[in-house]
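Each chain, written out:
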Amino acid sequence: MPENNKALVALSGGLDSVYLMHTLIDQGYDVTAVHVEGLNKSSAKYERNAASQSAKAAGVPLKVARFKPPQQAFPDNPFKNQLVLSIMLDIGVRLGVYRFAVGSDWTTPLSEAVTGFTITDSVEVNHAYWQGVQARFPQAALLFIPDDKKKIDRLGYLYDRGVLGYVPSFVAPLRFR
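Residues numbered from 1 in each chain as written. Predicted model: local features only at pLDDT ≥ 70, side-chain atom pairs only at ≥ 80, totals over all residues. Heavy atoms only, no water.

Along its length, the protein carries five helices and five strands. Listed by position from the N terminus, the elements making up the protein come as β-α-β-α-β-α-β-α-β-α. Across the 177 residues of the protein, 44% fall into the buried class. A separation of at least 24 residues holds for 74% of the contacts in the protein among residues at least 6 apart in sequence. Accessible surface, the protein as shown: approximately 9900 Å² in total, 53% of it carbon and sulfur. (Helix = DSSP H or I, 4+ residues; strand = E, 2+ residues; numbered from the N terminus. Buried < 20%, exposed > 50% of the residue type's maximum accessible area, 1.4 Å probe, protein only. Contact = heavy atoms within 4.5 Å. Areas by Shrake-Rupley, 256 points an atom, 1.4 Å probe, with all protein chains shown as cover.)

Looking now at the pattern of salt bridges. Evaluated as defined, the whole model comprises four salt bridges. For glutamate 37, the salt bridge is made with arginine 48, and the minimal N-O distance between the two is 2.5 Å. Taken as a pair, glutamate 37 in strand S2 (residues 30-37) and arginine 48 in helix H2 (residues 44-58) lie far apart in primary sequence, 11 residues in all. What makes glutamate 37 buried here is its relative accessible area of 10%. A network of salt bridges, in which partner residues are shared, links Glu37, Arg48 and Arg66. (Salt bridge = Lys/Arg side-chain N within 4 Å of Asp/Glu carboxyl O.)

Running from N to C, helix H1 (residues 15-26) and H2 point in directions that differ by 15°, and their axes come no closer than 11 Å. Taken together, the axes of H1 and H2 are roughly parallel relative to one another. Between H1 and H2 the crossing geometry is right-handed. Residues Val18, Met21, His22 and Ile25 of H1 touch H2, and the partners they reach there are Ser54, Ala55 and Ala58. Taken together, the residues of the contact of H1 with H2 break down into five nonpolar, two polar and no charged. (Axes fitted to C-alpha atoms, helices over the stretch in contact; angles between N-to-C directions. Parallel < 35°, antiparallel > 145°, perpendicular 65-115°, else oblique. Left-handed = near helix turned anticlockwise from the far one by under 90°. Nonpolar A, V, L, I, M, F, W, Y, C, P; charged D, E, K, R; others polar.)

Okay, H1 next. Taking 1.5 Å per residue as the helical rise, H1 with its 12 residues ought to reach 16 Å, and the 16 Å between its terminal C-alpha atoms agrees with that figure. Burial runs high along H1: nine of the 12 residues are buried. Taken together, the buried positions of H1 are Leu15, Ser17, Val18, Tyr19, Leu20, Met21, His22, Thr23 and Leu24. (Expected span 1.5 Å × (residues − 1).)

And the structure:
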């Protein structure tokens, strides 16, 4: 573990981000959670409450940034991920924190990405964006948890820590509509 073990983690309040937060805490990181309100079509209040409860139960400070899309136009996932990381960079620079956990490995080259599930565009765009971030902030590092655990194993991990009472398995019913 590096001497400065501070990290920012993107926290929607859903299963995957709460799992990521707890895993980093277990690995010894001093975590601050960042929630970006208004990115999804679901209730911003519902998401904020889920993120707030998750951070509070873990004893983690929470920074909330508000995003108001113009005319109810919500960003697509590749750009949503970049928006979240951009906000985290802004907060990180102010706090002197340059380790970021966004839930996926943006360093994977496109040639190694899984195809067939329309994720290669996201990987390519995120990879190029991350290269630009590193050119400006060479000390920046992405922390990620390999996506090799099934959802049921993630649920078990959180159950063992007593946190399932406040973690929804999805952020909100309308998130993906």
